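If you want the building blocks of each chain, they are given just below.
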Amino acid sequence: MNIRQFADRERVKQFSMWINWTEVFKDQGYHDVALREPTQWQEIHRWCEQQFGQDHYVWAGYRFWFEREQDAILFALRWN
């Protein structure tokens with residue numbers, strides 16, 4: 001199961017307006033990068049889809065989550 005499928009499953013399973021994504025994703029061993037001042041949302045998502053594929057990253061607020069640590073590092077080097 002990829003990270004997008006996992007997030008979708010958690011949304012249905014928890015059936016709540018508020019999910020502590022940091023806790024949920026960290027418990028599963030996913031890797032995160034918190035952006036300082038994201039201003040180019042469309043460009044960021046387009047880049048992520050090209051680099052990792054749309055099913056291999058997710059975001060919650062200013063925090064992006066990745067399946068692989070090396071993807072989080074590459075993202076941080078590019079966007080932070």
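Quick note: structure is the one above.
Because the structure is predicted, anything quoted here is derived from the model rather than measured.

Rules used in this analysis
Residues numbered from 1 in each chain as written. Predicted model: local features only at pLDDT ≥ 70, side-chain atom pairs only at ≥ 80, totals over all residues. Heavy atoms only, no water. Core = buried A, V, L, I, M, F, W, Y, C linked by side-chain atoms within 4.5 Å. Buried < 20%, exposed > 50% of the residue type's maximum accessible area, 1.4 Å probe, protein only. Helix = DSSP H or I, 4+ residues; strand = E, 2+ residues; numbered from the N terminus. Contact = heavy atoms within 4.5 Å. Pairing = 2+ DSSP bridges.

This next bit is on the nonpolar core. With 12 residues, the main nonpolar core is built from V33, L35, I44, W47, C48, F52, Y57, F64, F66, A72, F75 and W79. Counting only elements with at least two residues in this core, the list comes to α3 (41-52), β3 (63-66) and α4 (69-79). Among the elements that line this core, the one with the most residues is α3, at 4 residues. Excluding its chain neighbours within four sequence positions, the residues that come into contact with Y57 are I3, R4, H45, C48, E49, F64, W65 and F66. Counting residues in hydrophobic clusters, the runner-up holds 10 residues, among them F6, I19, V24 and Y30.

With that settled, consider the pairing of β3. Pairing of strand β1 (residues 31-34) with β3 involves 4 bridges; the strand directions are antiparallel. Its bridge partner being in β3, D32 is matched across the sheet by W65. Where strand β2 (residues 57-60) lies against β3, 4 bridges are found, and the strand directions are antiparallel. Looking at the pairing, Y57 lines up with F66 of β3. Counting the residues that bridge the hairpin from β2 to β3 gives 2 residues, and of these G61 lies at a positive phi of roughly 65°.

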